[in-house]
Amino acid sequence: MGEDFISYELKEFKLFEPLFRWARKKSLWIVAFCTGCGGIEMPPLFNARYDLERFGMMPNPAPRMADLFLITGYVTPKTLKRIIITYEMMPDPKYILAHGSCPINGGVYWDSYNVVKQLDKYIPIDVAIAGCMPRPEAVMDGIQEIMRKIESGEADGWKRYRENYEWYRKNQDELFGEGWREKDAKRWLAWL
Ligand code: SF4
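A short tour of the structure in this document, coming up. Every chain begins its residue count from 1, and numbering advances along the sequence as written. Thresholds applied to this predicted model are a pLDDT of at least 70 for local features of residues and 80 or more for the giving and counting of side-chain atom pairs; totals over whole chains, interfaces and linings are not thresholded and use all residues. Hydrogens and water are ignored here; the side-chain numbers use all heavy atoms of the structure.

### Looking at the overall build of the chain
Consideration 1: Where helices and strands are cited, they refer to DSSP runs of H or I of at least four residues and of E of at least two residues respectively, numbered from the N terminus. Of the regular secondary structure elements, the chain holds 9 helices and 5 strands.
Consideration 2: Going residue by residue from the N terminus, the α and β elements of the chain occur as α-α-β-α-β-β-α-β-α-β-α-α-α-α.
Consideration 3: Considered along the principal axes of its C-alpha atoms, the chain spans approximately 60 × 45 × 35 Å.
Consideration 4: Counting every position in the chain, which comprises 192 residues, the buried fraction comes to 41%.
Consideration 5: Each accessible area is a Shrake-Rupley result for a 1.4 Å probe, and residues are judged covered by the shown protein chains and nothing else. Roughly 11100 Å² of accessible area belongs to the chain as shown, and the carbon and sulfur atoms make up 57% of that amount.
Consideration 6: Side-chain charges in the chain split into 27 positive and 27 negative, and the spacing between the mean points of these groups amounts to 5 Å. We call a residue buried when its accessible area falls under 20% of the maximum for its residue type, exposed when it is over 50%, and partly exposed in between, using a 1.4 Å probe and counting protein chains only. His is not counted, nor are the chain ends, whereas Lys and Arg count as positive and Asp and Glu as negative. Where a charge lies is defined by one atom per residue type, namely NZ (Lys), CZ (Arg), CG (Asp) and CD (Glu).

Structure below.
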(Lines give C-alpha, C1' and ligand atoms only; values in the text may rest on other atoms or scores of the structure.)
Protein backbone atom coordinates (compact mmCIF):
# COMPACT_ATOMS: atom_id res chain seq x y z
CA MET A 1 0.00 0.00 0.00
CA GLY A 2 1.76 3.14 -1.21
CA GLU A 3 1.88 6.46 0.62
CA ASP A 4 -0.21 8.11 -2.12
CA PHE A 5 -2.94 5.58 -1.66
CA ILE A 6 -3.03 6.15 2.11
CA SER A 7 -3.08 9.94 1.81
CA TYR A 8 -5.83 9.73 -0.86
CA GLU A 9 -7.89 7.47 1.38
CA LEU A 10 -7.39 9.77 4.35
CA LYS A 11 -8.11 12.92 2.33
CA GLU A 12 -11.32 11.59 0.89
CA PHE A 13 -12.30 10.05 4.25
CA LYS A 14 -12.88 6.77 2.46
CA LEU A 15 -10.84 4.72 4.91
CA PHE A 16 -12.74 5.82 8.01
CA GLU A 17 -16.12 6.43 6.40
CA PRO A 18 -17.71 3.17 7.69
CA LEU A 19 -16.55 4.03 11.21
CA PHE A 20 -17.91 7.59 10.92
CA ARG A 21 -21.26 6.33 9.66
CA TRP A 22 -21.51 3.84 12.50
CA ALA A 23 -20.68 6.58 15.03
CA ARG A 24 -23.21 9.00 13.46
CA LYS A 25 -26.09 6.56 13.62
CA LYS A 26 -25.31 5.80 17.27
CA SER A 27 -25.69 9.38 18.56
CA LEU A 28 -28.39 11.22 16.64
CA TRP A 29 -29.38 14.50 18.22
CA ILE A 30 -32.84 15.69 17.25
CA VAL A 31 -33.63 19.32 16.66
CA ALA A 32 -36.66 19.93 18.91
CA PHE A 33 -38.95 21.59 16.39
CA CYS A 34 -42.51 20.31 16.70
CA THR A 35 -44.98 20.84 13.86
CA GLY A 36 -48.57 19.64 13.54
CA CYS A 37 -50.38 17.13 15.74
CA GLY A 38 -47.37 14.76 15.77
CA GLY A 39 -45.50 17.13 18.10
CA ILE A 40 -47.53 15.56 20.90
CA GLU A 41 -45.96 12.18 20.06
CA MET A 42 -42.45 13.47 20.75
CA PRO A 43 -42.39 13.49 24.59
CA PRO A 44 -43.69 9.88 24.89
CA LEU A 45 -40.82 8.72 22.68
CA PHE A 46 -38.35 9.90 25.29
CA ASN A 47 -40.14 8.69 28.40
CA ALA A 48 -39.62 5.45 30.30
CA ARG A 49 -42.05 3.47 28.13
CA TYR A 50 -40.47 3.92 24.67
CA ASP A 51 -37.14 5.44 25.69
CA LEU A 52 -35.33 6.60 22.55
CA GLU A 53 -32.29 7.54 24.66
CA ARG A 54 -31.22 3.90 24.54
CA PHE A 55 -30.36 4.53 20.85
CA GLY A 56 -28.13 7.45 21.84
CA MET A 57 -30.76 10.00 20.78
CA MET A 58 -31.38 13.28 22.47
CA PRO A 59 -33.75 16.22 21.82
CA ASN A 60 -31.80 19.43 21.46
CA PRO A 61 -32.94 23.05 21.13
CA ALA A 62 -29.97 24.18 19.00
CA PRO A 63 -29.94 23.32 15.25
CA ARG A 64 -26.16 23.85 15.12
CA MET A 65 -25.73 20.84 17.41
CA ALA A 66 -28.35 18.57 15.85
CA ASP A 67 -28.21 16.16 12.94
CA LEU A 68 -31.75 14.75 12.78
CA PHE A 69 -34.77 16.88 11.97
CA LEU A 70 -38.15 15.32 12.77
CA ILE A 71 -41.03 16.87 10.86
CA THR A 72 -43.92 15.78 13.01
CA GLY A 73 -46.97 16.62 10.92
CA TYR A 74 -48.61 19.19 8.68
CA VAL A 75 -46.59 22.22 7.68
CA THR A 76 -48.01 25.63 6.82
CA PRO A 77 -46.06 27.99 4.50
CA LYS A 78 -45.31 30.22 7.50
CA THR A 79 -43.78 27.27 9.40
CA LEU A 80 -42.01 26.01 6.29
CA LYS A 81 -39.95 29.21 6.14
CA ARG A 82 -38.70 28.52 9.69
CA ILE A 83 -38.09 24.86 8.85
CA ILE A 84 -35.95 25.77 5.82
CA ILE A 85 -33.90 28.30 7.78
CA THR A 86 -33.44 25.84 10.68
CA TYR A 87 -32.46 23.05 8.28
CA GLU A 88 -29.89 25.25 6.57
CA MET A 89 -28.37 26.14 9.96
CA MET A 90 -27.73 22.46 10.77
CA PRO A 91 -24.24 21.20 9.84
CA ASP A 92 -23.75 18.42 7.25
CA PRO A 93 -24.35 15.53 7.34
CA LYS A 94 -27.98 15.96 8.44
CA TYR A 95 -31.08 13.87 7.99
CA ILE A 96 -34.84 14.45 7.86
CA LEU A 97 -37.47 12.03 9.07
CA ALA A 98 -41.06 13.07 8.39
CA HIS A 99 -43.92 11.37 10.14
CA GLY A 100 -47.64 11.51 9.54
CA SER A 101 -49.41 11.58 6.19
CA CYS A 102 -49.52 15.38 6.00
CA PRO A 103 -45.87 15.92 4.93
CA ILE A 104 -46.28 13.25 2.21
CA ASN A 105 -49.43 14.51 0.48
CA GLY A 106 -51.24 16.98 2.74
CA GLY A 107 -53.16 14.20 4.55
CA VAL A 108 -56.61 15.32 5.68
CA TYR A 109 -55.67 18.87 4.66
CA TRP A 110 -55.20 17.88 1.00
CA ASP A 111 -57.50 20.72 -0.16
CA SER A 112 -56.44 23.37 2.35
CA TYR A 113 -55.09 26.65 0.97
CA ASN A 114 -52.66 26.84 3.87
CA VAL A 115 -50.95 23.44 4.12
CA VAL A 116 -47.90 22.40 2.09
CA LYS A 117 -48.93 19.29 0.13
CA GLN A 118 -45.58 17.76 -0.80
CA LEU A 119 -42.85 18.67 1.62
CA ASP A 120 -40.00 17.03 -0.29
CA LYS A 121 -40.34 19.64 -3.04
CA TYR A 122 -38.87 22.17 -0.59
CA ILE A 123 -36.51 20.18 1.63
CA PRO A 124 -35.07 16.66 1.14
CA ILE A 125 -36.74 13.95 3.21
CA ASP A 126 -34.77 10.78 3.95
CA VAL A 127 -37.51 8.65 5.54
CA ALA A 128 -41.28 9.24 5.66
CA ILE A 129 -43.75 7.31 7.84
CA ALA A 130 -47.41 7.31 6.83
CA GLY A 131 -50.26 7.33 9.37
CA CYS A 132 -52.47 9.86 11.07
CA MET A 133 -50.92 9.96 13.53
CA PRO A 134 -48.37 7.11 13.53
CA ARG A 135 -47.96 5.22 16.80
CA PRO A 136 -44.66 5.61 18.69
CA GLU A 137 -43.70 2.10 17.54
CA ALA A 138 -44.03 3.26 13.91
CA VAL A 139 -41.86 6.31 14.62
CA MET A 140 -39.27 4.03 16.24
CA ASP A 141 -39.44 1.83 13.15
CA GLY A 142 -38.71 4.91 11.02
CA ILE A 143 -35.80 5.78 13.27
CA GLN A 144 -34.38 2.27 12.87
CA GLU A 145 -34.75 2.70 9.10
CA ILE A 146 -32.92 6.02 9.10
CA MET A 147 -30.14 4.48 11.21
CA ARG A 148 -29.85 1.68 8.67
CA LYS A 149 -29.72 4.21 5.82
CA ILE A 150 -27.04 6.26 7.59
CA GLU A 151 -24.88 3.19 8.01
CA SER A 152 -25.30 2.13 4.37
CA GLY A 153 -24.79 5.69 3.06
CA GLU A 154 -28.32 5.87 1.55
CA ALA A 155 -29.38 8.77 3.81
CA ASP A 156 -28.05 11.43 1.47
CA GLY A 157 -30.71 14.19 1.63
CA TRP A 158 -28.09 16.77 2.67
CA LYS A 159 -26.08 15.97 -0.47
CA ARG A 160 -29.18 16.14 -2.67
CA TYR A 161 -30.02 19.54 -1.17
CA ARG A 162 -26.56 20.88 -2.08
CA GLU A 163 -26.47 19.33 -5.54
CA ASN A 164 -30.04 20.38 -6.48
CA TYR A 165 -30.13 23.63 -4.55
CA GLU A 166 -31.34 25.61 -7.59
CA TRP A 167 -34.37 23.33 -7.92
CA TYR A 168 -35.27 23.50 -4.22
CA ARG A 169 -34.74 27.26 -4.23
CA LYS A 170 -36.98 27.67 -7.30
CA ASN A 171 -39.79 25.72 -5.59
CA GLN A 172 -39.37 27.76 -2.41
CA ASP A 173 -39.47 31.03 -4.35
CA GLU A 174 -42.56 29.90 -6.27
CA LEU A 175 -44.35 29.26 -2.98
CA PHE A 176 -43.22 32.32 -1.01
CA GLY A 177 -42.26 34.80 -3.71
CA GLU A 178 -38.72 35.91 -4.55
CA GLY A 179 -36.75 37.70 -1.85
CA TRP A 180 -38.80 36.08 0.94
CA ARG A 181 -35.76 35.61 3.18
CA GLU A 182 -34.88 39.31 3.19
CA LYS A 183 -38.53 40.36 3.50
CA ASP A 184 -39.06 38.01 6.42
CA ALA A 185 -35.94 39.23 8.20
CA LYS A 186 -37.16 42.85 7.93
CA ARG A 187 -40.77 42.08 8.73
CA TRP A 188 -40.57 42.84 12.45
CA LEU A 189 -38.54 46.03 12.16
CA ALA A 190 -41.70 48.14 11.89
CA TRP A 191 -42.82 46.79 15.30
CA LEU A 192 -39.67 47.77 17.17
S1 SF4 B 1 -51.00 13.22 9.68
FE2 SF4 B 1 -52.82 13.41 11.01
S3 SF4 B 1 -51.95 13.53 13.08
FE4 SF4 B 1 -50.30 14.00 11.65
S5 SF4 B 1 -50.30 16.23 11.45
FE6 SF4 B 1 -51.57 15.38 9.79
S7 SF4 B 1 -53.66 15.46 10.62
FE8 SF4 B 1 -52.26 15.65 12.34
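The structure having been displayed, the exposition proceeds.
### Concerning the side chain of Q172
Consideration 1: For Q172, the location among the structural elements is in helix α8 (residues 165-176).
Consideration 2: In terms of polar contacts, Q172 uses its side chain to reach the side chain of R181, at 3.1 Å.
Consideration 3: Once residues lying within four places of it in the same chain are set aside, the contact partners of Q172 are I84, Y122, Y161, G177, W180 and R181. Polar contact is defined as a pair of N or O atoms within 3.5 Å, subject to the rule that within protein one atom must be able to donate a hydrogen and the other to accept it, and that residues adjacent in sequence are counted only when both atoms are side-chain atoms. By definition, residues are in contact when any of their heavy atoms lie within 4.5 Å.

### Topic: the sheet that holds strand β5 (residues 127-129)
Consideration 1: One requirement defines pairing of two strands: DSSP has to find at least two bridges between them. The 5 strands are arranged β2-β1-β3-β4-β5 in an open sheet whose pairing can be described as parallel. One side of each edge strand has no neighbouring strand; the edge strands of this open sheet are β2 (58-60) and β5. Pairs of neighbouring strands in the sheet enclose a mean axial angle of 30°, with direction left out of account.
Consideration 2: With respect to the sheet, helix α4 (residues 77-89) is in contact with β1 (29-31), β3 (68-71) and β4 (95-99), its orientation differing from that of β3 by roughly 165°. Only C-alpha atoms enter the line fits that serve as axes; for helices the fit covers just the stretch in contact. Angles between N-to-C directions range over 0 to 180 degrees.

### So, the nonpolar core
Consideration 1: Among buried residues, the Ala, Val, Leu, Ile, Met, Phe, Trp, Tyr and Cys ones that are joined through side-chain atoms within 4.5 Å form a nonpolar core. Counting 22 residues, the largest nonpolar core has F69, I71, L80, I83, L119 and I123 as its most contacted members.
Consideration 2: Counting residues per element, the ones that place at least two in this core are β3, α4, β4 and α8.
Consideration 3: A total of 4 residues in this core trace back to one element, the largest contributor, which is α4.
Consideration 4: Excluding anything up to four places from it in sequence, F69 contacts V31, F33, I83, T86, Y87, M90, Y95, I96 and L97.

### A closer look at the environment of G142
Consideration 1: As for its placement among the helices and strands, G142 is situated in helix α6 (residues 136-152).
Consideration 2: Residues in contact with G142, not counting those within four places in the same chain, are L97, V127 and I129.

### Observations regarding the site of the ligand
Consideration 1: The environment of the ligand is made up of C37, G73, Y74, G100, S101, C102, V108, Y109, G131, C132 and M133.
Consideration 2: Residue polarity is assigned by list, with Asp, Glu, Lys and Arg as charged and Ala, Val, Leu, Ile, Met, Phe, Trp, Tyr, Cys and Pro as nonpolar; anything else, Gly included, falls into the polar class. Across the shell around the ligand, the residue classes tally to 7 nonpolar, 4 polar and no charged. Summary of the distance rule: residues count as near a molecule or strand when at least one heavy atom falls within 4 Å of that molecule or strand.

### Observations regarding the pairing of β4
Consideration 1: A large share of β4 lies buried, amounting to 5 of its 5 residues.
Consideration 2: Of the two faces of β4, both are covered, the one formed by Y95, L97 and H99 as well as the one formed by I96 and A98.
Consideration 3: Taken together, the 4 bridges between β3 and β4 define a ladder with parallel strand orientation. Counted as the bridge partner of L68 is Y95 from β4.
Consideration 4: Each parallel crossover has a hand, and the one from β3 via α4 to β4 is right-handed. The crossover handedness rule: strands pointing away from the viewer, path from first strand over the helix to second strand clockwise, crossover right-handed.

### So, the packing of α4 against α8
Consideration 1: As a packed pair, α4 and α8 sit with axes 11 Å apart at the nearest point and diverge in direction by 155°. By the angle class used here, α4 and α8 are roughly antiparallel. Crossing handedness for the pair α4 and α8: left-handed. Counting all contacts with α4, which are made through P77, L80, K81, I84 and E88, the residues of α8 involved are Y165, Q172, L175 and F176.
Consideration 2: Looking at the contact of α4 with α8 residue by residue, the class counts come to 6 nonpolar, 1 polar and 2 charged. Each angle gets one of four labels, with under 35 degrees taken as roughly parallel, over 145 as roughly antiparallel, 65 to 115 as roughly perpendicular, and the rest as oblique. By convention the crossing between two helices is left-handed if the near helix lies anticlockwise of the far one by an angle smaller than a right angle, and right-handed if it lies clockwise.

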